[in-house]
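Below are the chains, spelled out letter by letter.
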Amino acid sequence: MESVNADDFTKEELFSRLLQLEQRVEELEQENKRKDKKIDQLQEQLDQKDERIEELETRLRKYENPHTPPSKRRSGTRQSPTSQDDEDENVRTDGGTPGRKDGHDPEWRVTAGPDKEIEVTRDCCPECGEHFDESVGVSPRLVEEVPDPQPPEVTQYNRHCYQCDSCGTETVATHPDCPDEGQFGVNVISQAALSRYDHRLPYRKIADRFEQLHGLELSGASAWHATERAARAGRCEYEQIRRQIQQAEIVHVDETGIKREGEQAWIWTFRTREHTLYAVRESRGSDVPAEVLGEDFAGTVICDGWTAYPAFTSNLQRCWAHLLREAEDVASDHEEAEPVHRYLKQMFVGLQSWLETDPSPRERAQMHRSCQNGLRSLVERSVTDEAVATLLGKIEGGIDHWLTFVGEPAVSQTNNAAENALREPVVLRKIIGTLRNDRGMFVHETILSLLATWRQQGRNPYEELRRVVNNNEIISRDHAVPAVETLG
């Protein structure tokens, strides 16, 4: 390429070329200033986003931790599904897909046959007024309706009194529909308790509901007394549930906080395949399972890592869901924990697949020893990170209780059953805030236990409430305290 020589240009041309270069330099400087300003704006936005991310992570740590069950691990968005774009409305956070799986038949609501039929006819055309001779077809439509709410029925029971001429005993005649105390009948008591603990209504709203639907005037305090009476009527069945759980071979146990007069208390759940029992206590110690299950309980307790459980019994199955969540949580922040989490997950998944082959007791015993040795080798590894060392310490602390399910076929690997049983009390806790006194604790644990057990057994809670109230086995208010009966 031929080089450019300054001698080839005149002074005017050189001067013009210089002016062009200066103008170009000025343009480039202005462009750089604009870019610098844009960079400053973007940096400011990044700083704001970093602050927002830190704020959200701080809030998220309150809910996303190793002890948060999967059902609680929701998407961080506060936007309702109905407000999202169409392509996003079916996105699930658990990796699944919405709706039934391919190949499943649709499920339709079963409609009962009609109790009566009404012929709906017309005499003439609505457009031109021409008279109709006869219909050319029938378009049936089933309509389901409930009857109008009925006003209360007030009955006076004239209970006759008698005195025995032989022994002098005085007797008052009884009637199955007449309660031993109070002026409310079986249906009022049952509906009040169900409205409170099934429909989660405040007592004031329960009173409003009775007045709106039935014209029955009662106060919120009266609704509370009706619910308390249902609890006292059902306490005998509560004790029957406890005795059934005491005899069980496997019991899921868990506990969560609740307030009593603003102070910390605990609601415990004890669950088997057919029974659920709640106990509200001010203690979170081993004295509670000893009180409810009995100090001589010989079954297996499935639980989390709370210290009260090994203090109560050595027959434990520690929850693998808690362990895997905690290992995953530590591994997400500490690279040294990744092989620990991977090893635990592979062991758990492998054991699940192996158990599906229905191994013999001898094979189970051999597998138990092999996995136990594997866990011991895992916790003996040398680590430098404190969080990883803490995780290994927790595994070592429950080393004798992680693999109970391998040797006992009926034992579950997780404590999901107890955690699920606590969901309803947790929702109620958010609504009621605090229990006022011992009687409130008594009502809370009794009604919750009855409703949960009846649902497990496929029984109708309302009909069962009517049954226990109608039996008139109401204990006295002096005994309406949150404590189980002692065996004589």
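Note: the structure precedes this text.
To keep things clear, this report deals only with the structure shown in the data block. (Residues numbered from 1 in each chain as written. Predicted model: local features only at pLDDT ≥ 70, side-chain atom pairs only at ≥ 80, totals over all residues. Heavy atoms only, no water.)

1. Side note on the overall build of the protein chain
Here's step 1: Each helix and strand counted, the protein chain has 15 helices and seven strands in total.
Here's step 2: By residue count, 34% of the 488 residues in the protein chain fall in the buried class.
Here's step 3: Once local pairs closer than 6 in sequence are excluded, the contacts in the protein chain between residues at least 24 apart make up 65%.
Here's step 4: Total accessible area on the protein chain stands at roughly 32,700 Å², and carbon and sulfur atoms take up 47% of it. (Helix = DSSP H or I, 4+ residues; strand = E, 2+ residues; numbered from the N terminus. Buried < 20%, exposed > 50% of the residue type's maximum accessible area, 1.4 Å probe, protein only. Contact = heavy atoms within 4.5 Å. Areas by Shrake-Rupley, 256 points an atom, 1.4 Å probe, with all protein chains shown as cover.)

2. Focus on helix H2 (residues 186–197)
Every α-helical turn comprises 3.6 residues, leaving residues that sit three or four positions apart pointing alike.
Here's step 1: Helix length check: H2 (12 residues) gives 17 Å between terminal C-alpha atoms against 16 Å at 1.5 Å per residue, within 8%.
Here's step 2: Burial of H2 is extensive: 10 of the 12 residues sit out of reach of the surface.
Here's step 3: In this fold, the buried residues of H2 make contact with helix H3 (203–214), helix H4 (220–246), helix H13 (423–432), helix H14 (438–456) and helix H15 (461–470). (Expected span 1.5 Å × (residues − 1).)

3. Things to note about the pairing of strand S6 (residues 300–303)
Here's step 1: Burial of S6 is two-sided: the residues Thr300 and Ile302 facing one way and the residues Val301 and Cys303 facing the other way are all buried.
Here's step 2: Of the strand pairs in this sheet, strand S3 (residues 250–260) and S6 are connected by three bridges, and their pairing is parallel. The partner of Val251 across the bridge, within S6, is Val301.
Here's step 3: Pairing between S6 and strand S7 (residues 316–318): three bridges, direction parallel. In the strand pairing of S7, Val301 is matched with Leu316. (Pairing = 2+ DSSP bridges.)

4. What to know about the sheet that holds S6
Backbone hydrogen bonds are what pair the strands of a sheet, in a parallel or an antiparallel way.
Here's step 1: The strand order S5-S4-S3-S6-S7 describes an open sheet built from five strands, whose pairing is mixed. In the strand order of this sheet, the two ends are held by strand S5 (276–281) and S7, each with one partner. With direction set aside, neighbouring strand axes in the sheet form an average angle of 25°.
Here's step 2: The sheet strands contacting H14 are S3, strand S4 (263–271) and S5, and the helix crosses S5 at an angle near 165°. (Axes fitted to C-alpha atoms, helices over the stretch in contact; angles between N-to-C directions.)

5. Overview of unusual backbone geometry
Here's step 1: For Arg200, which is not glycine, the phi torsion reads 60° and is therefore positive.
Here's step 2: Within the secondary structure, Arg200 sits in the loop between H2 and H3.
Here's step 3: The phi torsion at Asp358 lies on the positive side, around 55°, for a residue other than glycine.
Here's step 4: In this structure, Asp358 sits in the loop between helix H8 (338–355) and helix H9 (361–379).
Here's step 5: Asp358 gets classed as exposed once you look at its relative accessible area, which sits at 63%.

6. So, the nonpolar core
Soluble globular proteins tend to bury their nonpolar side chains together.
Here's step 1: Core analysis: the largest hydrophobic core is formed by 67 residues, its most contacted members being Tyr197, Val251, Trp268, Phe270, Leu293, Val301 and Ile447.
Here's step 2: One finds Phe348, Val379, Leu392 and Ile399 within the second-largest nonpolar core, a separate group that totals 29 residues. (Core = buried A, V, L, I, M, F, W, Y, C linked by side-chain atoms within 4.5 Å.)

7. Points about H8
Here's step 1: Taking 1.5 Å per residue, 18 residues should reach 26 Å; H8 reaches 26 Å between its end C-alpha atoms and fits that length.
Here's step 2: Buried residues along H8 sit in contact with helix H7 (320–333), H9, helix H10 (386–397) and helix H11 (404–407).

8. A few points about the side chain of His275
Here's step 1: Examined against the element boundaries, His275 turns out to sit in the loop between S4 and S5.
Here's step 2: One polar contact links His275 to Gln457, side chain to side chain, over a distance of 3.4 Å.
Here's step 3: The residues touching His275, leaving out its near neighbours within four places in the chain, are Ile241, Gln244, Ile245, Phe270, Thr453, Gln456 and Gln457. (Polar contact = N/O pair within 3.5 Å; in protein donor to acceptor, adjacent residues only side chain to side chain.)

9. Thoughts on the state of the cysteines
Here's step 1: Scanning all chains against the criterion turns up zero disulfides.
Here's step 2: Take Cys128: it sits in no disulfide, and the sulfur closest to it among the cysteines is that of Cys125, at 3.9 Å. (Disulfide = S-S within 2.5 Å.)

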